[in-house]
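A closer look at the structure
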Amino acid sequence: MTLWAVVLATAGVLLSGGAAQAQQSTRASTAVAADQPAPEHVVWYEVFVRSFQDSDADGIGDLRGLTGRLDYLSDLGIGGIWLMPIYPSPSYHGYDVTDLTAVNPDYGTLADLEDLLDAAHARGMRVILDFVPNHTSDRHPWFQAALAGEPLYRDFYVWSDDPPDWRGALGGPAWHSAGGSHYLGLFATSMPDLNHRNERVVEEVLGAAAFWLGLGVDGFRLDAIQHLVESPDGVIANAPENYAWVERFQRFVHEVAPDAVVMGETQTDMPAIVRYHRDAGLHMSLDYPLWRYLRAAIQGRSATDLAFTLEQETSLYPEGAARATFTGNHDVTRLASQLSIPRRDERRVRLAASLLLTLPGTPFIYYGEELGMPDGPGTLDVEKRTPMRWQPGRGVGFSTATPWTDPGPDLPGVSVSEQAAEQGSVLEHYRTLIGLRNEHPALHRGDTRVLASGASALLALERTAGTETLYVLANLGARDLETRALPAGAYTDLVSGAAFAGVVPGLSVLVLRPDQNHR
């Protein structure tokens, strides 16, 4: 018989937790000015702090290092920063947290985070944290107390004396033996799942969120959003109670901070994502369906499935649902690596940037993507998270000490210092496209209509906002194509400033404005 630990604890003192600390941590913080664009209308940048910039010569990136690089992000046109986990953790990646209301000493202190928030807000940039409510580290004090037999903390996790045959989120065993019983850990033995049927657990998680919002953090990216509550019958993703949990978290965050961002790691199918918006009121979702078809379009040189997906999303997603678009993140092979076989293909790297920054949605750029930075050496996920390449040389400008992991070979031209001085570089291309997107409402908040292009390699979109109409033509093929998708008239290419002659070069994106709409 399977036994589920769902009895609510009624007594006991918590060893640690956000609920007890949240009220003590509110401070007078600067905030992003009220006249700044809405969070869904800016371009965001995902940062792995450990790999971005080392400020104290220990080979590990830190918060002070990131603060010192904010002018770079501001010059790039970034309006928001997503920090991968910054909490104390026994692992390099930080997703097995030992304290959800503290900063990893490798990265600095709470004061360093406050300085980062103030400096980012002064530049008009929001900062959100990767928030990990599904599980803790097996070294968390709660889990250690559970292993010691304390009933209060035993009920903070999910246990079974006769575990069912479930597979975890990554395909491995979902149940792990400990202390004569078994606990649920969908991601790893070292990551025991929290029991969100226990009201005290939910209150602790909400309290931790309030703690960070009180410090001035602008919201959260919710890790593993579809796995927070499992059904006893073995549904480990998108169970009905899961949607209710997300709705409660979203409502709570907006009660504390009405303008805060809540973005879900919705690594699931489109109907499930739509339901998180429609039924749970989720503010923003990571658009994994579009990511899959965007990458496939670039690699397969065909726009057909990408166009169909854009039409699907336009009709299925509820009004106001913000969709975070991306070409890469910390969990997937960098696109530049996929496009570097057998040789580095900068034309398609630029194409990917152009698509990301002209399609509907809220673009998220993974650090280094704006350089066409490939994966580094290594195994598992470390190669996707190697140090940022600021300059050529052994330490790549990341640290004066030996970096925490090997940045890989010194790749000619793949660094900020080299590309900043190179006309036509990938970095310059990103900066140009981000500038266009920030400048034109039709690109950052406009409606989208997919047009019949007449060729499988050609994507044709009409983007409109108010009186502004722009056309996006993306030729994913290797040869030039003539298009008849546009209404008759004269057009100007906003990227180059040249008049449009009706032919779209292969592997390129044009952003066009009808001449009669010039301002």
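Residues numbered from 1 in each chain as written. Predicted model: local features only at pLDDT ≥ 70, side-chain atom pairs only at ≥ 80, totals over all residues. Heavy atoms only, no water.

**Looking at the overall build of the protein chain**
A count of helices and strands for the protein chain gives 16 helices and 18 strands. Summarising its shape, the C-alpha atoms of the protein chain cover approximately 75 × 50 × 45 Å along the three principal directions. Looking at the protein chain as a whole, 60% of its 519 residues are labelled buried. Intrachain contacts of the protein chain at a sequence separation of at least 6 include 68% that bridge at least 24 residues. Of the roughly 19800 Å² that the protein chain leaves accessible, carbon and sulfur atoms contribute 51%. Treating the 39 positive side-chain charges of the protein chain as one cloud and the 64 negative ones as another, the clouds have centres 6 Å apart. (Helix = DSSP H or I, 4+ residues; strand = E, 2+ residues; numbered from the N terminus. Buried < 20%, exposed > 50% of the residue type's maximum accessible area, 1.4 Å probe, protein only. Contact = heavy atoms within 4.5 Å. Areas by Shrake-Rupley, 256 points an atom, 1.4 Å probe, with all protein chains shown as cover. Lys, Arg positive; Asp, Glu negative; His and termini not counted. Charge placed at Lys NZ, Arg CZ, Asp CG, Glu CD.)

**Comments concerning empty space enclosed by the protein**
Enumeration according to the criterion identifies three cavities of 30 Å³ or more in this entry. The calculated volume of the second largest cavity comes to roughly 110 Å³. Around the second largest cavity, the lining comprises 16 residues; the ones closest to its centre are Thr327, Arg334, Leu335, Ala336 and Glu369. For the lining of the second largest cavity, the elements supplying multiple residues, two or more each, are α12 (335-338) and α13 (346-358). Top contributing element to the lining of the second largest cavity by residue count: α13, with three residues. Of the residues in the lining of the second largest cavity, the class split is nine nonpolar, four polar and three charged. (1 Å grid on protein atoms, 1.4 Å probe; cavity = no way out; pocket = protein on both sides within 12 Å on 5 of 7 lines; lining within 4 Å. Points joined across faces, edges and corners; volume = space filled by probe spheres on them. Nonpolar A, V, L, I, M, F, W, Y, C, P; charged D, E, K, R; others polar.)

**Re helix α9 (residues 270-278)**
Of the residues making up α9, those classed as buried are Met270, Ala272, Ile273, Val274, Tyr276 and His277. Structurally, α9 contributes buried residues whose contacts are with α8 (240-256), β9 (284-286), α10 (288-300), α11 (304-316) and β10 (322-326). Of the residues that open α9, the one with a side-chain oxygen 3.1 Å from the backbone nitrogen of Ala272 is Asp269. (Polar contact = N/O pair within 3.5 Å; in protein donor to acceptor, adjacent residues only side chain to side chain.)

**Examining the side chain of Glu46**
Within the secondary structure, Glu46 is located in strand β1 (residues 44-47). Of the buried charged residues, Glu46 lacks a salt bridge, with Arg221 as the closest side chain of opposite charge at 6.4 Å. (Salt bridge = Lys/Arg side-chain N within 4 Å of Asp/Glu carboxyl O.)

**What to know about the nonpolar core**
Of all hydrophobic cores here, the largest spans 137 residues; its most connected members are Tyr45, Leu83, Phe131 and Trp212. Per-element tally for this core: the top contributor is helix α7 (residues 199-215), with ten residues. In terms of nonpolar packing, the next biggest core, distinct from the first, is built from 14 residues, Leu451, Leu458, Tyr471 and Leu473 among them. (Core = buried A, V, L, I, M, F, W, Y, C linked by side-chain atoms within 4.5 Å.)

**Observations concerning the layout of surface pockets**
By volume, the largest pocket is sized at about 660 Å³. In terms of lining, the largest pocket is formed by 22 residues, of which the most central are Leu170, Phe187, Asp331, Asp381 and Arg385. Its residues placed into classes, the lining of the largest pocket shows ten nonpolar, six polar and six charged. Roughly 540 Å³ of volume is contained in the second largest pocket. Mapped onto the lining of the second largest pocket, the elements with two or more residues apiece are α11, β10 and β12 (447-451). Of the residues contributing to the lining of the second largest pocket, the split by class is five nonpolar, eight polar and seven charged.

**Comments concerning the pattern of salt bridges**
Enumeration over the complete set of coordinates arrives at 20 salt bridges. Arg350 is the salt-bridge partner of Glu346, the closest N and O atoms lying 3.2 Å from each other. With a gap of four residues between them, Glu346 and Arg350 both fall in helix α13, about one helical turn apart. A single network of salt bridges, built from pairs that share partners, joins Asp331, Asp381, Glu383, Lys384 and Arg385.

Everything listed here is a matter of coordinates, which is why it stays silent on function.
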